[in-house]
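Take a look at the letters that make up each chain.
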Amino acid sequence: MPSAPSTEPSDPPLGELVMQVARGLRRWFATTLEPWGLTPHESRALRVIGQHEPTRPGVVAQHLRIAPRSVTDVVDALEERGLVARAPDPSDRRATSVSLTARGRTVLDELDAARRADHESYFADLSERDREALARILGRLVDDR
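Below is a short write-up of the structure.

What counts and how
Residues numbered from 1 in each chain as written. Predicted model: local features only at pLDDT ≥ 70, side-chain atom pairs only at ≥ 80, totals over all residues. Heavy atoms only, no water. Helix = DSSP H or I, 4+ residues; strand = E, 2+ residues; numbered from the N terminus. Expected span 1.5 Å × (residues − 1). Buried < 20%, exposed > 50% of the residue type's maximum accessible area, 1.4 Å probe, protein only. Contact = heavy atoms within 4.5 Å. 1 Å grid on protein atoms, 1.4 Å probe; cavity = no way out; pocket = protein on both sides within 12 Å on 5 of 7 lines; lining within 4 Å. Points joined across faces, edges and corners; volume = space filled by probe spheres on them. Nonpolar A, V, L, I, M, F, W, Y, C, P; charged D, E, K, R; others polar.

### Observations regarding helix H1 (residues 14–33)
Note: α-helices contain 3.6 residues per turn, so residues at a spacing of three or four share the same orientation.
So, point 1. Spanning 20 residues, H1 covers 29 Å between terminal C-alpha atoms, matching the ideal 28 Å at 1.5 Å per step.
So, point 2. Listing the buried residues of H1 in full gives Gly24, Phe29, Thr32 and Leu33.
So, point 3. On its buried face, H1 is in contact with helix H2 (40–52) and helix H5 (102–122).

What follows is the structure, encoded as structure tokens:
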């Protein structure tokens, strides 16, 4: 005799839960960015430039996993706001490098502080022990890939 279909809701798969948390963090941070007038994409580009400066736009595109022509629009927007500056690449006169301006460094520092505060708030319902366990587990997954 066939068994009746289960009417119990099943728990979401682990991968889906991780994706839901990632989406929640992105939405939370997008709201945090509003006072700076930056999109999450621009914020990530600013972080990449700050970590690798001076750097070529192509390097930024690689880190953001976007086409080089798309990074031009992002860098243009950041340059218009006075957050980055372009200069000739000293190792190749045909190329351009991008660096943070003093204002860009200040904004990046403010964004990093806001991001840390967002993460603290987002995970505040977890005990310190649970946060440490989650960080250890996720870190292991990231390191193994």
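And the narrative resumes.
### Notes on the layout of surface pockets
The gaps of empty space that remain are located by a probe, the size of a water molecule, rolled over the atoms.
So, point 1. Roughly 320 Å³ of volume is contained in the largest pocket.
So, point 2. Surrounding the largest pocket, 14 residues form its lining, Ala22, Arg26, Phe29, Arg44 and Arg115 being those nearest its centre.
So, point 3. Going through the elements one at a time, H1, H2, helix H3 (57–64) and H5 are the ones with two or more residues in the lining of the largest pocket.
So, point 4. Ranked by residue count, the leading element in the lining of the largest pocket is H2, at 5 residues.
So, point 5. The residue makeup of the lining of the largest pocket, split by class, is 6 nonpolar, 3 polar and 5 charged.
So, point 6. If you go around the second largest pocket, the residues you meet are Leu14, Leu17, Val18, Val21, Phe123, Leu134, Ile137, Leu138 and Leu141.
So, point 7. Put simply, the parts of the chain that give the lining of the second largest pocket at least two residues each are H1 and helix H6 (128–144).
So, point 8. Split into classes, the residues belonging to the lining of the second largest pocket amount to 9 nonpolar, no polar and no charged.

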